Amino acid sequence: MPIFDIESVRRDFPLIVNETLEGRVYLDNAATSQKPKCVLDTINHYYAQQNANVHRASHHLSTQATLAYEEARETVRHFLNARSREEIVWTSGATAAINLVANSYGRRFLQPGDEILLSECEHHSNIVPWQLLAEERGLTLRYIPVLPTGELDLSELPTLLNERTKLVALAHVSNSLGMPMPVERVIAAAKRYRARVLIDGSQAVAHDNVDVQALDCDFYVFSGHKVFGPSGIGVLYGKYELLEIMPPWQGGGEMIEQVSKRGATFTLPPLRFEAGTPHIAGAIGLASALRYLSTLDRQAAAEYERYLLNGMERLCADIPGFQLVGGQGRTSIMSFLVKGMHPQDIGTLMDMQGIAVRVGHHCAMPMMEALGLSGTIRASLAFYNNLDDVERFVDALRKAVTEF
Ligand code: PMP
């Protein structure tokens, strides 16, 4: 067993250790993660001691709130290794960040006949905004196909990418199966055609370090709630030279330079894209979560999660009818089926035994269609899960399959 102080880590997460879980096992971490106490304390402290609007007033409280809010941006910059904090735009989540790029960059720079390349593995959040844009602008969407293992079939990449491809949008890790996507190879191929690349890091950030400069992607998005932070806050990273030429998408306070009855001029990024009062407590809470992560040995945490996942798979292998969906190297997700049983029934039987898993298409219907499935059962781990959770999950599944 890899060295990772799991008992100490569990104590950091009130919902995991206290009575509220009532002995339940939480294995739906890909949907949302639990929050360490420091995040709850930070949010509480903000509202109790610092609450004021940011960037507006000249009074003490507002200055303090603005400082904390902008320091949070710096924490995200550091977390992603962006070059400057001006490259970090607060959004309400990954979905909002993708919609921002589609509506700002997409509407301004994509012309009828241009192509956008996606993959069949994408979450609906990384498909539907592009479909809406394609319909409006007369664009063509293409999809990198998926193999039965859940890996992308890159053999088709040379025919899918061409001089009309202007944008590639790809998950870092697929949310339905947990397969890591070959983002480095796709980014390198896209660059040859000068296509811009957006990486959806929603399922990656909780499990691995991300370096946007090393990746050399143009945009990177993620949601705070999947990385132990609050919901309602997310991040769009964009290379400054792109953010600088992108028009605002939403108008309002904070994002202007001058407004007259005749029109408005806009401030520089990132505020240009942050119309209205932002989710201040969310930004500060997310920074607290990222600082918490930086106190952990992330490599040890990732190895520990792999150890749990491998154990889970091994213990499930002899359950009658158990079928794993997806190939090797998955990131903390076990998607599976049980022959002869509907995923929904398994989900209900697991819940009756106190085990939280997710069932269905996981907001990835094109992926399910490509695999010829209507849905799967998905157990997803975080580093605060332990062997007891895994064993209880396996026992409950065995019971669901053999006894009910
Ligand atoms: N992309 C991926 C890969 C996801 O897993 C999710 C959340 N399930 C999203 C995008 C959307 O995230 P949110 O709903 O927080 O905006």
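Quantities reported herein were computed from a predicted structural model and do not represent experimental measurements.

Trainee: Can you walk me through the overall build of the protein chain in this structure?
Mentor: Along its length, the protein chain carries 15 helices and 15 strands. In terms of overall dimensions, the protein chain is globule-like: its C-alpha atoms have a radius of gyration of 22 Å, near the 22 Å expected for 404 residues. Counting only C-alpha atoms, the protein chain reaches 70 × 55 × 35 Å along its principal axes. Residues classed as buried in the protein chain amount to 56% of the 404 residues present. Contacts in the protein chain between residues at least 24 apart in sequence constitute 70% of all its contacts with a sequence separation of at least 6. Carbon and sulfur atoms make up 50% of the accessible area of the protein chain, which amounts to about 17,300 Å² in all. Here the protein chain contributes 37 positive and 46 negative side-chain charges, whose respective centroids are spaced 5 Å apart.

Trainee: Looking at this model, I keep getting lost on the sheet that holds strand β8 (residues 234-238). Mind explaining?
Mentor: Strand pairing in a sheet relies on backbone hydrogen bonds. The paired strands run either parallel or antiparallel. Spatially, β2-β8-β7-β6-β5-β3-β4 is the arrangement adopted by the 7 strands of the open sheet, whose pairing is mixed. Each of the sheet's edge strands pairs with one partner strand only, and the pair in question is β2 (88-91) and β4 (140-144). On average, each strand axis in the sheet is tilted by 20° relative to the strand beside it, whichever way the strands run. Summarising the sheet, strand β7 (residues 219-223) and β8 pair through 5 bridges and their orientation is antiparallel. Residue pairing for β8: Tyr220 is matched across the bridge by Tyr237. Strands in contact with helix α4 (residues 60-80) are β2, β7 and β8; relative to β2, the strand with the most contacts, it is inclined by about 115°. Seen against the sheet, helix α8 (residues 183-192) touches β4, β5 (165-171) and β6 (196-200) and runs at an angle of roughly 175° to β5.

Trainee: Hey, could you run me through the packing of α4 against helix α11 (residues 280-294) in this one?
Mentor: A pair of packed helices is captured by two measures, namely the crossing angle of their axes and the spacing between those axes. At a closest axis distance of 8 Å, the pairing of α4 and α11 adopts a crossing angle of 40°. By the criterion of interaxial angle, the relationship of α4 to α11 is oblique. In the packing of α4 onto α11, the handedness of the crossing is left-handed. Counted together, Ala68, Tyr69, Ala72, Thr75, Val76 and Phe79 of α4 and Ile280, Ala283, Ile284, Leu286, Ala287, Leu290, Arg291 and Leu293 of α11 form the full contact between these two elements. Per-class residue counts for the contact of α4 with α11 are 12 nonpolar, 1 polar and 1 charged.

Trainee: I tried to follow the domain arrangement of the protein chain on my own but got confused; where do I start?
Mentor: It is common to report an interface's size as the accessible area lost on association of the parts. Annotation of the protein chain at the domain level lists domain 1 (6-30 + 297-402) and domain 2 (40-294). Averaged C-alpha coordinates put domain 1 and domain 2 at centres separated by 28 Å. Counting residues at the interface gives 33 residues for domain 1, matched by 31 residues for domain 2. When domain 1 packs against domain 2, the two sides together hide about 2,500 Å² of surface, and 61% of this comes from carbon and sulfur. In terms of surface lost to domain 2, no three residues of domain 1 exceed Arg298, Thr331 and Met367, which account for 29% of the buried area on that side. The interface formed by domain 1 and domain 2 holds 0 salt bridges in total.

Trainee: Looking at this structure, how should I read the nonpolar core?
Mentor: When a protein is soluble and globular, its nonpolar side chains tend to lie buried together. Among the nonpolar cores identified, the biggest contains 106 residues, and Leu80, Tyr220, Phe222, Phe228, Phe383, Phe393 and Leu397 are the most heavily contacted of them. Looking at this core element by element, the count peaks at 10 residues for α11. Of the residues that make up this core, three or more belong to each of domain 1 (6-30 + 297-402) and domain 2 (40-294). Aside from chain neighbours lying at most four places away, what touches Phe393 is Leu27, Met312, Cys316, Met334, Phe336, Met350, Ile355, Val357 and Ala379. Of all hydrophobic cores here, the second largest spans 27 residues; its members include Val89, Ile98, Val101 and Phe273.

Trainee: Honestly, helix α6 (residues 128-137) in this entry has me stumped. Any pointers?
Mentor: Because each turn of an α-helix spans 3.6 residues, side chains separated by three or four positions in sequence point in the same direction. The set of residues buried in α6 consists of Pro129, Trp130, Leu133 and Ala134. Viewed along the axis of α6, the buried residues span an arc of 135°, placing them on a single side of the element. Along α6, the residues that are exposed and aim more than 90 degrees away from the buried face are Leu132 and Glu135. Taken together, the buried residues of α6 touch α5 (94-109), β3 (115-119), β4, β5 and β6. Looking at the residues trailing α6, positive phi occurs at Gly138, about 70°.

Trainee: I'm lost on the side chain of Ser223 in this one. Help?
Mentor: Relative to the elements of secondary structure, Ser223 occurs in strand β7. Residue classification places Ser223 among the buried residues on the basis of a relative accessible area of 6%. Look past the residues within four positions of Ser223 in its chain and what remains in contact with it is Gly93, Ala94, Ile233 and Gly234.

Trainee: Just to check I follow, could you spell out the pattern of salt bridges for this structure?
Mentor: Opposite charge on two side chains permits them to pair, given that their charged atoms come into close proximity. Scanning all chains against the criterion turns up 20 salt bridges. Residues Arg73 and Glu274 are paired through a salt bridge, measuring 2.8 Å at the closest nitrogen-oxygen approach. With a gap of 201 residues between them, Arg73 in helix α4 and Glu274 in the loop between β10 (263-266) and α11 connect regions that are remote in the sequence. In this structure Arg73 comes out as buried when scored by relative accessible area, which is 1%. Arg142 is paired through a salt bridge with Glu115; the nearest N and O atoms lie 2.8 Å apart. Of this pair, Arg142 sits in strand β4 while Glu115 sits in strand β3, and the two are 27 residues apart along the sequence. A relative accessible area of 30% means that Arg142 is categorised as partly exposed.

Reading the values: the criteria
- Residues numbered from 1 in each chain as written.
- Predicted model: local features only at pLDDT ≥ 70, side-chain atom pairs only at ≥ 80, totals over all residues.
- Heavy atoms only, no water.
- Helix = DSSP H or I, 4+ residues; strand = E, 2+ residues; numbered from the N terminus.
- Rg over C-alpha atoms; globule rule 2.2 N^0.38 Å.
- Buried < 20%, exposed > 50% of the residue type's maximum accessible area, 1.4 Å probe, protein only.
- Contact = heavy atoms within 4.5 Å.
- Areas by Shrake-Rupley, 256 points an atom, 1.4 Å probe, with all protein chains shown as cover.
- Lys, Arg positive; Asp, Glu negative; His and termini not counted.
- Charge placed at Lys NZ, Arg CZ, Asp CG, Glu CD.
- Pairing = 2+ DSSP bridges.
- Axes fitted to C-alpha atoms, helices over the stretch in contact; angles between N-to-C directions.
- Parallel < 35°, antiparallel > 145°, perpendicular 65-115°, else oblique.
- Left-handed = near helix turned anticlockwise from the far one by under 90°.
- Nonpolar A, V, L, I, M, F, W, Y, C, P; charged D, E, K, R; others polar.
- Domains from an automatic or database assignment.
- Buried area = accessible area lost by both parts, 1.4 Å probe.
- Salt bridge = Lys/Arg side-chain N within 4 Å of Asp/Glu carboxyl O.
- Core = buried A, V, L, I, M, F, W, Y, C linked by side-chain atoms within 4.5 Å.
- Arc of directions from axis to C-beta.

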